[in-house]
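Okay, here's what each chain looks like letter by letter:
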Amino acid sequence: MRLAIFVLFVCAAVWAAPAPPEIIVNNQTMECSQFNAGDECMNCEIPEGWTSLGYNTRECPTGYTEVNAPRNCSGFKIGRCCSVGHSGALGECDDMIVNHLTMQCMFNEGGTVPPGWEGKPEGTDAWDWQCPEGYGWPEEGLPGGPCPCTAAFLLSGLVLLISTNRS
């Protein structure tokens, strides 16, 4: 039973978790803004001239005007972040290429798209260029392979079933 709870806890900890929201201020302009530093697929920098009031601050200081501060965000080149159905922000997927025959996606570092692979078509919106559902990434093994947490959930369910039947 303890093992099952531990496995569920570990899996929950690795799923998408955005950075906690915070308030940033520009003391020269007397402005404040909500800010989120990103998640496991994207990182956002606090704009120049702004400082954070910390994660526990929920409201703008008295006398400050609330605005939407400019954001400087960049996505990460991580397969999961460029796959349809992932949770979180979209990663940096422009260099992703797709092989529909092998049902795989990968990042193309060389610039030239290898035979059998398709690069991002000109003018395609970022959200329309993601690894299709059921496709895999070469470093993950077989196309459409299960998420490690899926196997962990199945294992924890089996452990729970066995421990319940022993009682």
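Please read all numbers here as calculations on a predicted model, not as lab measurements.

(A) Seen up close, the side chain of glutamine 130. Within the secondary structure, glutamine 130 is located in the loop between strand S9 (104-107) and helix H2 (148-166). For glutamine 130, the contacting residues outside a window of four places in its chain are Cys82, Ser83, Val84, His86, Leu90 and Met96.

(B) Region of the structure containing the state of the cysteines. Applying the stated criterion across every chain, the model contains 5 disulfides. Between the sulfur atoms of cysteine 41 and its disulfide mate cysteine 81 the distance is 2.0 Å. Torsion about the S-S bond of the cysteine 41 and cysteine 81 cystine: about -80 degrees, corresponding to left-handed handedness. In this pair, cysteine 41 sits in the loop between strand S3 (38-39) and strand S4 (42-45) while cysteine 81 sits in the loop between strand S7 (72-75) and strand S8 (96-99), placing the two residues 40 residues apart along the sequence. Cysteines bonded in the protein chain are numbered consecutively along the chain; their disulfide partners then correspond to 1-4, 2-6, 3-5, 7-8, 9-10.

(C) The sheet that holds S4, seen in detail. Spatially, 3 strands are ordered S3-S4-S7 in an open sheet, and the strand pairing comes out antiparallel. Each of the sheet's edge strands pairs with one partner strand only, and the pair in question is S3 and S7. For S4 and S7, the ladder comprises 4 bridges, and the chain directions are antiparallel. Considered in S7, the bridge of methionine 42 is made with glycine 75.

(D) Summary view of the packing of aromatic side chains. Within this structure, the stated rule accounts for 1 aromatic pair. With a centroid separation of 5.0 Å and an interplanar angle of 35 degrees, the aromatic rings of phenylalanine 107 and tryptophan 137 are classed as tilted. Taken as a pair, phenylalanine 107 in strand S9 and tryptophan 137 in the loop between S9 and H2 lie far apart in primary sequence, 30 residues in all. The exposure classification of phenylalanine 107 matches that of tryptophan 137, with both residues buried.

Conventions adopted
Residues numbered from 1 in each chain as written. Predicted model: local features only at pLDDT ≥ 70, side-chain atom pairs only at ≥ 80, totals over all residues. Heavy atoms only, no water. Helix = DSSP H or I, 4+ residues; strand = E, 2+ residues; numbered from the N terminus. Contact = heavy atoms within 4.5 Å. Disulfide = S-S within 2.5 Å. Pairing = 2+ DSSP bridges. Phe/Tyr/Trp six-rings, centres within 6.5 Å; stacked < 30°, edge-to-face > 60°. Buried < 20%, exposed > 50% of the residue type's maximum accessible area, 1.4 Å probe, protein only.

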